[in-house]
Amino acid sequence: MPRLLESEITKYLETLEDSEDGLDGSDSEVEDEGHYYQTARDVLRDLEKCDEGENAQSDEVDADPPLVIDNDENMPDPPILEAEEAAPQSRSQGISKRPLVWRKRNLVTAEDSLIFKGETEITEVLMSCYTPYDFFSFYFTSDLKKQIVEQSNLYAAQKQISNPEIINKNILNKFLGILIYTSVIKFPNTRAYWSEKFGYDHIKNTMPLKKFEKIRSTLHFADDTLCLPKDHPDYDRLFKIRPLEETLNCQFGKVPLDQRLSIDEQMCATKMSHYIKQYMPNKPHKWGFKLYLICSLQGYAHRFEVYSGGGSKNNILPGEPDLGESGNTVVRLARMVSRNVNHIIYFDNFYTSVPLVTYLAKEGIFSLGTVRVNRLRNCKLPEKNTLMKKNVPRGFYEENVATVDDIDVSAVVWKDNKPVNLLSTYVGAEPATTVTRFDKSKKERVAIPCPKVIKEYNAHMGGVDLLDSFIGRYHITMKSRKWTMRLFYHFLDLAVINSWVMFKKVNNIKGNDQLFNLGTFRLELAETLCKLGLPANGAKRGRPSGSTIQRELVMKKFRGPAQAIPLKDVRLDQTCHWAVWLDKQ
């Protein structure tokens, strides 16, 4: 590009002087005439005048009410929008922009309004059960076994059409019995149970190793040909395990619910490579599949669902608010809870929010849970930095109450080792009791105040944790590369534990004090499953044969393996290895 001469540059500049943006007919300079400032102080003075005018106008139009009001119950609360009507500023909470008004007062609920009105009588089918197998068959039904047999045979034919591994209901029972045996009798690996020297006879006599491994490789619960492609909007990530989950949930839900229930997550421990596997660093088992459960205080799982990530099959029914992933989980699990019969649900701070407890209260369900401070909008409870000062004694607590759509919601903070925040719709801080804590300065245990809401939460929140302890004692640890098998083992453990819980409950009602512990219950159930349909002493069914050769062949078939050779150190220990002299050569 050629360079411009100085005369040409001067001509261009004279042309641009006529307008601000270089266009003819611009009136912007005329409008800005007379708005020049001599000094920087003039600019600041003009800006301060503008700010004062705007603040005065905003104060006249929209004045915010005080956030915390002491002993003033006559002041009306501003209306709070429903979660589905609120602006979608936060999908996890769905809170309205209108401020909540918290008052320093105590939430007191009459005892008559907490009386449980639901059904607690156990069904006749369960009351007629006596043995561990009877209770297990109530959950793991004959129809479910039939479906597993059909789908497994179908998959075996699809996998190897020339020589499929066909199973029946009797073989499936033996397979389940071996799995339950392995949850109590621990060996270093699966094949060690069939070892000639150290194997477990109850398992060896039930089924050969090769047949067990073939069944485990072909076990199926749904027809893979019916699975939708991944890009389909109705694609279900848990399609392969969905029939088993729905059937067990249906059977688990036939037991009447207690008044007090708890919701929490549970880990199905595994480190296999799969996209729905979760990492939770605060759990004892950090890697695995995450499940959400609603349980009773006795550790009975009434319903469960497997978390499969965002965009999973988690539908919101008409009339249900969208409270985010955690809140919607509680809403889905609470669908089976009867309304307006005074059920109480407990959960932790992963789920608790003001919209959630308000929705449950409108449905006639009380709730209580620990809560995160950032979910208590405009609540002026003391902050953590203030409570952790030395001049604030241990045991200090404070309560604020807000009214949301005619629902009283109580927020309580209590100082223990660190501040604890709780949110409830039926209980507050009063009447407070005392608990003992160790005082380092005095080197003795001292009594400190404890709000009532803390006692309520600690007494009724441990249902899922109790279930976790049952699974931790005895569970199927057999390894598998298939994610469906790992979840199947976990579902089988849930069915066995629910059977044991109901076994104890029914026998207590009948007045039977001789109850099995969990280990004995599993062994009794495993032995029953392994011996169902097995002839005594291996005898052949039908009319016995009169031929001695036939009987000898049958006895030879069930004679068992040969004697194992002793170890080399045992053979060469020079003890009791003398020759045995016989009378005949």
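Above: the structure in question.
Let us look at the structure shown here. (Residues numbered from 1 in each chain as written. Predicted model: local features only at pLDDT ≥ 70, side-chain atom pairs only at ≥ 80, totals over all residues. Heavy atoms only, no water.)

This next bit is on the overall build of the protein. Within the protein, the regular secondary structure consists of 19 helices and 13 strands. For the protein, with 585 residues in total, the buried portion stands at 42%. Sequence-distant contacts, at least 24 apart, represent 64% of the contacts inside the protein between residues at least 6 apart. Entry remark: accessible area of the protein is about 35,100 Å², with carbon and sulfur atoms responsible for 52%. (Helix = DSSP H or I, 4+ residues; strand = E, 2+ residues; numbered from the N terminus. Buried < 20%, exposed > 50% of the residue type's maximum accessible area, 1.4 Å probe, protein only. Contact = heavy atoms within 4.5 Å. Areas by Shrake-Rupley, 256 points an atom, 1.4 Å probe, with all protein chains shown as cover.)

Another aspect to go through is helix α11 (residues 324–333). Of all ten residues that make up α11, nine are buried, and the element is covered over most of its length. Those residues of α11 not exposed but buried are G324, S326, G327, N328, T329, V330, V331, R332 and L333.

The next point concerns the pairing of strand β13 (residues 444–450). The sheet contact formed by strand β12 (residues 433–439) and β13 spans seven bridges and is antiparallel. Following the sheet pairing, R437 is matched in β13 by V446. Connecting the antiparallel pair β12 and β13 is a turn made up of four residues, with K443 showing a positive phi of about 55°. (Pairing = 2+ DSSP bridges.)

By the definition in use, this model includes 21 aromatic pairs. Relative to Y193, the ring of F187 has its centre 4.5 Å away and its plane inclined at 35°; by these criteria the two rings are tilted. Plain terms: the ring middles of W194 and F212 are 5.2 Å apart, the flat faces sit at 40° to each other, and that makes the pair tilted. A residue pair is termed long-range when its members are at least 10 positions apart, and W194 in the loop between α7 (169–184) and α8 (201–204) and F212 in helix α9 (residues 209–218) qualify at 18 residues. Of the residues examined, W194 reaches a relative accessible area of 13% and is grouped as buried. Judged by relative accessible area, F212 falls into the buried class, the value being 0%. (Phe/Tyr/Trp six-rings, centres within 6.5 Å; stacked < 30°, edge-to-face > 60°.)

With that out of the way, let us pick up empty space enclosed by the protein. Enumeration according to the criterion identifies two cavities of 30 Å³ or more in this entry. What the largest cavity holds in volume is close to 60 Å³. Lining of the largest cavity is provided by V255, P256, D258, S296, Q298, Y300, H302, V501, M502 and K505. In terms of residues, the lining of the largest cavity owes the most to one element, helix α16 (residues 483–510), which gives three residues. For the lining of the largest cavity, the per-class residue count stands at five nonpolar, three polar and two charged. Estimates place the volume of the second largest cavity at around 40 Å³. Surrounding the second largest cavity, N315, I316, E320, P321, N328, V331, R332 and R335 form its lining. Per-class residue counts for the lining of the second largest cavity are three nonpolar, two polar and three charged. (1 Å grid on protein atoms, 1.4 Å probe; cavity = no way out; pocket = protein on both sides within 12 Å on 5 of 7 lines; lining within 4 Å. Points joined across faces, edges and corners; volume = space filled by probe spheres on them. Nonpolar A, V, L, I, M, F, W, Y, C, P; charged D, E, K, R; others polar.)

What follows covers unusual backbone geometry. Comment: phi is negative for the bulk of residues other than glycine, and the bulk of peptide bonds are trans. Each neighbour pair has its own omega, and for E430 with P431 the value is 0°, a cis peptide bond. Relative to the helices and strands, P431 is located in the loop between β11 (419–424) and β12. The phi dihedral of N340 falls on the positive side, at around 60°, and the residue is not glycine. Topologically, N340 is positioned in the loop between α11 and β7 (343–347). For D406, which is not glycine, the phi dihedral falls at a positive 70°. A relative accessible area of 75% means that D406 is categorised as exposed.

Let us look at the pairing of strand β10 (residues 407–415). For β10, a buried count of eight out of nine residues is recorded, marking the element as mostly surrounded by other parts of the structure. Hairpin connection between strand β9 (residues 397–404) and β10: a loop of two residues separates the two successive antiparallel strands, and D405 in this loop has a positive phi of roughly 55°. Two strands pair when backbone bridges link them, and β10 and β11 are joined in this way by six bridges, in the antiparallel orientation. Each residue of the ladder has a partner; that of A411, found in β11, is L423. Hairpin connection from β10 to β11: three residues lie between these consecutive antiparallel strands.

With that settled, the discussion passes to the packing of helix α15 (residues 463–473) against α16. Orientation of α15 relative to α16, taken along the N-to-C sense of each, is 110°, at an axis distance of 10 Å. By the angle between their axes, α15 is roughly perpendicular relative to α16. Seen from α15, the contacting residues are L467, F470 and I471; seen from α16, they are H490, L494, I497, W500 and V501. (Axes fitted to C-alpha atoms, helices over the stretch in contact; angles between N-to-C directions. Parallel < 35°, antiparallel > 145°, perpendicular 65-115°, else oblique.)

On to the environment of K117, then. Its location among the elements puts K117 in the loop between β2 (102–104) and α4 (124–127). In this structure K117 touches V341 and N342, once residues within four positions along its chain are discounted.

Those residues of α9 lying buried are F212, I215, R216 and T218. Each element contacted by the buried residues of α9 is listed here: α6 (142–159), α7 and α16.

As a volume, the second largest pocket reaches approximately 620 Å³. Lining the second largest pocket are 25 residues, with M267, C268, A269, H285 and R486 sitting closest to its centre. Elements that contribute at least two residues to the lining of the second largest pocket include exactly β3 (260–269), α15 and α16. Sorting elements by how many residues they give to the lining of the second largest pocket places β3 first, with five residues. When grouped by side-chain class, the residues that make up the lining of the second largest pocket number nine nonpolar, eight polar and eight charged.

Position of I294 relative to the elements: it lies in strand β5 (residues 287–295). Linking I294 and V337, residues 43 residues apart in sequence, is a C-alpha distance of 10.0 Å.

Applying the stated criterion across every chain yields a total of 19 salt bridges. Between D416 and R394 there is a salt bridge whose closest N-O contact spans 3.1 Å. Here R394 lies in the loop between α13 (384–387) and β9 and D416 lies in the loop between β10 and β11, a separation of 22 residues in the sequence. Each of D236, R242 and E245 takes part in one network of salt bridges that share partners. (Salt bridge = Lys/Arg side-chain N within 4 Å of Asp/Glu carboxyl O.)

Let's shift gears to the side chain of T206. Looking at the element boundaries, T206 is found in the loop between α8 and α9. Each residue touching T206, except ones within four places of it in the same chain, is listed here: K174, I178 and C530.

As far as function goes, none of this settles anything; it's purely spatial.
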